[in-house]
Amino acid sequence: MATVRPFKGILYNFQKITDYADVTTPPYDVISADDQDAYYARHPNNVIRLILNRAEATDSAHDNPHTRAAAFYRQWMADGTLRQDDQPALYLKAITYEHQQKRITRFGLIALVGIEPFEKRVILPHEKTFSKVRSERLALMKATHCNFCPIFSLYPDDGGLLKTLEAAVGESPAEVDFLDEQGHRHRLWRVVDTAVHSRVAAAMRDKRLFIADGHHRYETALNFKAHLRATLPSFDDHHPANYVLMYLCSMSDPGLVILPAHRLLKSVGPPEIQKALQTARRYFEITEFAFTPDDRQRVQDRFLRALGDGADRQCIGVYAHGAPVFHLLALTPGIMDEMFREELDPSLRPLDVSVLTRLVFMKILGFDRQRLDDDRLIGYASTADQALQAIDTARFDVAFLLNPTRIEQVRQVAQKGLIMPRKSTYFYPKVKSGIVMNTLVD
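Per chain, the residues get numbers from 1 upward, laid out in the order the sequence is written. Residues qualify for local features only when their pLDDT is at least 70, as the model is predicted, and side-chain atom pairs are given and counted only at 80 or more; totals for whole chains, interfaces and linings, by contrast, use all residues. With hydrogens and water set aside, each side-chain value is computed from the structure's full complement of heavy atoms.

(A) Geometry of the overall build of the protein chain. Going along the chain from the N terminus, every DSSP run of H or I of four or more residues is numbered as a helix, and every run of E of two or more is numbered as a strand. Counting its regular elements, the protein chain contains 14 helices and 21 strands. Two things to know: the radius of gyration comes from C-alpha atoms, and the globule rule equals 2.2 Å times the number of residues to the power 0.38. Its C-alpha radius of gyration of 23 Å places the protein chain within 12% of the 22 Å reference for a compact globule of 442 residues. Summarising its shape, the C-alpha atoms of the protein chain cover approximately 65 × 50 × 45 Å along the three principal directions. Categorising residues by exposure relies on relative accessible area from a 1.4 Å probe, with only protein chains included: less than 20% of the type maximum marks a residue as buried, more than 50% marks it as exposed, and the intermediate range marks it as partly exposed. Burial statistics for the protein chain: of 442 residues in total, 57% are counted as buried. Across the protein chain, contacts joining residues at least 24 apart in sequence account for 77% of those joining residues at least 6 apart. With residues, only the protein chains shown are counted as cover, and all accessible areas are computed by Shrake-Rupley using a 1.4 Å probe. Carbon and sulfur atoms make up 49% of the accessible area of the protein chain, which totals about 19800 Å². Taking the average place of the 56 positive charges on the side chains of the protein chain and the average place of its 55 negative ones, the gap between the two points comes to 3 Å. Only heavy atoms enter the contact rule, under which two residues are in contact if any of them lie within 4.5 Å. Counted charges follow a simple rule, with Lys and Arg positive, Asp and Glu negative, and His plus the chain ends left uncounted. Positions of charges follow a simple convention, taking NZ of Lys, CZ of Arg, CG of Asp or CD of Glu.

See below:
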């Protein structure tokens, strides 16, 4: 079902770039404006100039972030900063990091995967996307004709495929080995053995792939392929744009971690929040955690423990700017079945993100689809500290804190061909941009 193949990857030239930490970044969608400035300053060849080029006041149709990204890409290929491998390879990637005081290593395979429309049920999404972001990413791809960051996808496996790849690299040292700014260790090996390529392709042929992170990038790849098919007379089934760069991780990999995706809202004032909390009492048991400046941290810790303890009860934490109180909303049993039996599949009703989106945002706060699609008014944080700080500093008006979605919930929803609300999951750590790239030029 899934078509997986090796490719001639584009990597930074080790003779010019001595530390990959200087030139790689997280995916574009988790990079803040301050992060963007920091990556610009870190190195003149940092991939930030390709994936998230700065906007300028003088931008025009002929000189804008996308045209500048394309110019940097062409320049770096021409001067040898970037170099394409001579022979096709599969790339084994390992990341070692600490989570909850444990040292964890996650493995993944970077390869090309044949693009399939979602209705074929070969590659399955689990989240909705933002239309504005899809348009922006498509403009970048039209300008550069390159994949700079692999899409993070999952596949069902008992570990056999990983054993094949580990055996292929043996005890050989990684060809890329560096520590990023978070202290995560990244290693990359090339696998050029064609026999291994064949075994991997055969093993993946009967599998469905589940997109973990990169829904916008995959939909952009679909749209770019359709664009070329409509505008390029020579486009055929052998064109590189029939494939997209992916990082493939086993669902059973012990290093696979999902963090929560807390919601941060703008343009929601105190009267609206108080009214919403009052209405919410019809559907939730609400516990208040009031605090003073002196006992803020102690109360906050107790509030977050209570949120975590309520993971099986569909609990949501609420914190609004200027209000010295945390609210914990525990859903009354049976509410989602009673209210959304005709609208939501049984696999979607128990999700905390469904409770938040359908019941809190749409039913209680009265948001419509347009409001939910406005990425200027909604933000995300993967840790509670980040979410609460965003409210304390007034960057957002109110935070809704969630427990993480579980991997079995992702699999169940995707297998049914259903879609979760946007940003329902935060797979951690993210896959770096710039480690391996893929050209879409024939």
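(B) Seen up close, the nonpolar core. Take the buried Ala, Val, Leu, Ile, Met, Phe, Trp, Tyr and Cys residues and link them wherever side-chain atoms come within 4.5 Å; each set so joined is a nonpolar core. The biggest cluster of nonpolar side chains holds 86 residues, and the ones touching the most others in it are Phe-284, Leu-359 and Phe-400. Here this core takes seven residues from helix H11 (residues 352-364), the largest share from any one element. The residues contacting Leu-359, other than those within four sequence positions of it, are Tyr-283, Phe-284, Leu-331, Ile-335, Met-336, Met-339, Phe-340, Ser-354 and Ile-364. Listed in part, the 30 residues of the second largest apolar core include Ile-123, Leu-161, Val-244 and Met-246.

(C) Helix H14 (residues 407-415), seen in detail. Buried within H14 are the following residues: Gln-409, Val-410, Val-413 and Ala-414. One side of H14 holds all its buried residues, which, seen down the axis, span an arc of 125°. Where the residues of H14 are buried, they touch strand E6 (123-124), strand E11 (209-213) and strand E20 (426-428). Two residues or fewer past H14, Gly-417 is found with a positive phi of approximately 75°. In this description, one arc is meant: the one made by directions from the helix axis to the C-beta atoms.

(D) Highlighting the packing of helix H3 (residues 65-78) against helix H4 (residues 131-144). Axis separation between H3 and H4 bottoms out at 8 Å; the angle between their running directions is 35°. In the packing of H3 onto H4, the handedness of the crossing is right-handed. Between H3 and H4, the contacting residues are His-66, Ala-69, Ala-70 and Tyr-73 on the first element and Glu-136, Ala-139, Leu-140, Ala-143 and Thr-144 on the second. In this classification, Asp, Glu, Lys and Arg are treated as charged, Ala, Val, Leu, Ile, Met, Phe, Trp, Tyr, Cys and Pro as nonpolar, and every other residue, Gly included, as polar. Among the residues making up the contact of H3 with H4, the classes are represented as six nonpolar, two polar and one charged. Each axis is a line fitted through C-alpha atoms, taken for helices only over the stretch in contact, and angles between the N-to-C directions span 0 to 180 degrees. Helix crossings fall into two classes, left-handed where the near helix is turned counterclockwise from the far one by less than a right angle and right-handed where it is turned clockwise.

(E) Highlighting the environment of Val-47. With respect to the helices and strands, Val-47 occurs in the loop between helix H1 (33-42) and helix H2 (48-51). A residue is classified by how much of its surface remains accessible, and Val-47, at 0% relative accessible area, is buried. Between the C-alpha atom of Val-47 and that of Cys-149, which follows or precedes it by 102 residues, the distance is 9.7 Å. Not counting chain neighbours up to four residues away, the residues in contact with Val-47 comprise Tyr-12, Val-23, Thr-24, Thr-25, Ser-433 and Gly-434.

(F) A look at the packing of aromatic side chains. Aromatic contacts are taken between Phe, Tyr and Trp rings whose centres are within 6.5 Å, Trp giving its six-membered ring; a plane angle under 30 degrees counts as stacked, one over 60 as edge-to-face, and the others as tilted. Under the definition given, this model contains 17 aromatic pairs. Where Tyr-73 meets Phe-148, the ring centres are 5.6 Å apart and the plane angle is 80°; that geometry is what we call edge-to-face. Pair noted here: Tyr-73 is in helix H3 and Phe-148 is in the loop between strand E7 (146-147) and strand E8 (151-155), with a separation of 75 residues, a long-range link. A relative accessible area of 5% means that Phe-148 is categorised as buried. Taken together, Phe-289, Phe-291, Phe-303, Tyr-319 and Phe-326 form an aromatic cluster joined through their ring pairs. Comment: the charge-over-ring label is applied if NZ (Lys) or CZ (Arg) is within 6 Å of the ring centre and within 35 degrees of the ring normal. Lying across the ring of Tyr-40, Arg-54 places its NZ or CZ 4.0 Å from the centre.

(G) Spotlight on the layout of surface pockets. Here a cavity means grid points, on a 1 Å grid over the protein atoms only, where a 1.4 Å probe fits yet cannot get out; a pocket means an open set of points with protein on both sides within 12 Å along at least five of seven lines; lining residues are those with an atom within 4 Å of a point. Grid points are joined across faces, edges and corners, and a volume is the space filled by probe spheres set on the points. In this structure, the second largest pocket occupies an estimated 280 Å³ of space. Around the second largest pocket, the lining comprises 18 residues; the ones closest to its centre are Lys-128, Thr-357, Arg-369, Pro-421 and Arg-422. Secondary-structure elements contributing two or more residues to the lining of the second largest pocket are H11, helix H12 (369-372) and strand E18 (378-381). When residues of the lining of the second largest pocket are assigned to their parent elements, the largest contribution, four residues, is made by H11. Looking at side-chain class alone, the lining of the second largest pocket contains ten nonpolar, two polar and six charged residues.

(H) Region of the structure containing empty space enclosed by the protein. For the coordinates displayed, the defined rule picks out three cavities of 30 Å³ or more. One number sums up the size of the largest cavity: a volume of about 200 Å³. The wall of the largest cavity is formed by 17 residues, among which Arg-137, Asn-147, Phe-148, Cys-149 and Arg-217 lie closest to the centre. Elements with a minimum of two residues in the lining of the largest cavity: H4, E7, helix H7 (215-231) and strand E12 (243-250). In terms of residues, the lining of the largest cavity owes the most to one element, H4, which gives four residues. Of the pockets and cavities examined, the second largest cavity occupies roughly 90 Å³. In terms of lining residues, the second largest cavity is bounded by Val-268, Ile-273, Ala-276, Leu-277, Ala-280, Val-318, Leu-329, Val-360, Ile-364, Leu-365, Val-398 and Phe-400. Top contributing element to the lining of the second largest cavity by residue count: helix H8 (residues 270-280), with four residues. Residue classes in the lining of the second largest cavity are distributed as twelve nonpolar, no polar and no charged.

(I) Main features of the pattern of salt bridges. Just to be clear on terms, a salt bridge is a Lys or Arg side-chain nitrogen sitting within 4 Å of an Asp or Glu carboxyl oxygen. Going through the model one piece at a time under the given rule, you end up with 23 salt bridges. We note a salt bridge from Asp-180 to Lys-432, for which the minimum N-O separation is 3.8 Å. A residue pair is termed long-range when its members are at least 10 positions apart, and Asp-180 in the loop between strand E9 (176-179) and strand E10 (185-191) and Lys-432 in the loop between E20 and strand E21 (438-439) qualify at 252 residues. When sorted by exposure, Asp-180 lands in the same class as Lys-432, which is buried. The residue Arg-406 makes a salt bridge to Glu-408 at a minimum N-O spacing of 3.1 Å. Here Glu-408 falls in the partly exposed class, since its relative accessible area comes to 44%. Bridged by salt links that share partners, the residues Asp-59, Asp-63 and Arg-68 form one connected network.

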